[in-house]
Every structure is written in C-alpha cells, then in structure tokens.
Amino acid sequence: MLFMCHQMALEHESKAKEKATASAPSSGSSSPAVQIAPNAAGIPIGHMRDANVPIIWVLGGPGCGKGTQCEKIVKKYNFSHFSTGDLLRDEVASGSEKGKELQEMMKQGILVPNETVLKLLEAAMVKALNGTVGYLIDGYPREPAQGPEFEKFIAPVDIVLYFECSNETLVARIMKRASESATVRADDNEDTLKTRIATFRENTEKILVQYPTQLRRINAERAPEEIFADVEKAIDELLVKKGKK
C-alpha cells in the first residue's frame, strides 16, 4: 500500500511538471506520440494544436499534378511538405528499431497502423516547427477514418486542397509519364490505373464530405500557373485568418 501511494505521488508530481512546461493548456485529447520536453519553440510533442501553424491536406488522384503544386507552395510560402509514404521509407532507411519493425511489416504485406503513421508525422511536424510557416500533408488522409484520427491526435486541419481531374486526364498523364520514364512501374498500365483511380475516388469522396467548410476544390485540368493562382488565393486567405499575414 505504501509503495502504491508513493507511486501515485510520483505520478502526480510528474504530471504537474509537464503541465508547467507546456506553452498552453492541453486541449484534453491524448496524443499517440510520446510526451517529451518542449522543443526550442516551446511546443511539446503532442501539442501541435497549440502552435497555431496552418495545416493543409493536399489530395488528388494519381497524375493530378499535386506534386508540382506542393513544390510551388513550399517555394513561395516556406511551408513544410510531408508525405506519409516518405516518412515511413525514411524511418526504414534510418535503421532504427522502429524502422526494422516497419520493414518487416511491409515485407509481410501488413498494413502499417495509422497510429504509427501519426506518430512519425507529428514528430516530423514538431521538428520543423521553428522554421516553418505551415504544413502541407500530402496524400493524407487516404481513408475516411484517418482524418478524424489526425485531428484528434495532432490538430485540426485548416483547409483541404483537392485537385480535381477527370479519369481520362489522369490516365493520359500517367501513361505519358510512363512512356517518358526510363523506369516503368508495374502498375502504370490502363487497367490497373483505372482500378487505382476508382478506389481513390470512392475513398476521397467519403473524406471530402466530412470537411465542407475546409474544402477547396481546384480545377487541375489547366496549366500549372493557372492552378497555382487559385492555390495562392486559398492560402493567402488562410494566412490572413491565422494572423500570419
């Protein structure tokens, strides 16, 4: 009994210290990331919602041109650009214990838990916090349940940029890219592409209806410069709203 009381007292003291070091009161939601000391910006991991940094999800089918638009956003606005796929590959390449676990899961064809993805994503966001104006989360969420989990564990999304293209345009662009590439992907054929696009549309429409006020539909059938003009308008409005401009 004495030991249990002592443990409870230690836990109470630890929680009090964590509360004192936080830059703002906790929102009450628990983060999947491990709590650590605040970074140089004073934001402990797990408290991204207190940072008031714009968060944008970037969605669009294969070949919609969102990669080009993300490059333009990073160059003009100094946003940090994160792809969950890249984060997973980087963790594997690091040779860490977590990376080895992920590599084994991928070899076995096991889907990486979304909680693991969110931990990597949040850690990357906190690491970039000092030098960034905002965050571009590329290709996430991929499934309807992932958006609410992101907002619960990390922070609410500010806007969702959705680059709209017809199926015919997406297929044509991918096939053109494949014909010009020295390395041809196994899934770069019309039948597989049509299946990929159909799956993307089914999931994405279920995602988009969850965010009617944040959604910005952008016609991606045009030239990159025309598309970016609409992107600039959406981001400029967001920065003004967040008091960043």
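Now for a look at the structure at hand. Note that the structure is a prediction, hence the values are computed from the model and not measured. (Residues numbered from 1 in each chain as written. Predicted model: local features only at pLDDT ≥ 70, side-chain atom pairs only at ≥ 80, totals over all residues. Heavy atoms only, no water.)

### Section: the environment of tyrosine 135
Then, number 1: Residue placement: tyrosine 135 occurs in strand β3 (residues 135–138).
Then, number 2: Exposure remark for tyrosine 135: the relative accessible area of 0% places this residue in the buried category.
Then, number 3: As for tyrosine 135 and tryptophan 57, which are separated by 78 residues in sequence, their C-alpha atoms are 8.3 Å apart.
Then, number 4: Those residues within four positions of tyrosine 135 in sequence are excluded, and the remaining contacts are Met48, Val53, Pro54, Ile55, Ile56, Phe79, Ser80, Phe82, Met125, Val126, Ala128 and Leu129. (Helix = DSSP H or I, 4+ residues; strand = E, 2+ residues; numbered from the N terminus. Buried < 20%, exposed > 50% of the residue type's maximum accessible area, 1.4 Å probe, protein only. Contact = heavy atoms within 4.5 Å.)

### Notes on the pairing of β3
Looking along a regular strand, one sees side chains alternate from face to face of the sheet.
Then, number 1: Because side chains alternate across β3, one face comprises the buried residues Tyr135 and Ile137, and the other comprises Leu136 and Asp138, equally buried.
Then, number 2: Across 4 bridges, the pairing between strand β1 (residues 55–60) and β3 is parallel. Each residue of the ladder has a partner; that of valine 58, found in β3, is aspartate 138.
Then, number 3: Sheet analysis places strand β2 (residues 80–83) next to β3, joined by 4 bridges and oriented parallel. When the bridges of β3 are listed, serine 83 appears paired with aspartate 138. (Pairing = 2+ DSSP bridges.)

### Looking at helix α6 (residues 146–153)
Then, number 1: By the burial criterion, the buried members of α6 are Gln146, Gly147, Phe150 and Phe153. Relative to the axis of α6, the buried residues are bounded by an arc of 145° and lie together on one face.
Then, number 2: On its buried face, α6 sits against β1, α5 (114–128) and β3. (Arc of directions from axis to C-beta.)

These figures capture arrangement, not role.
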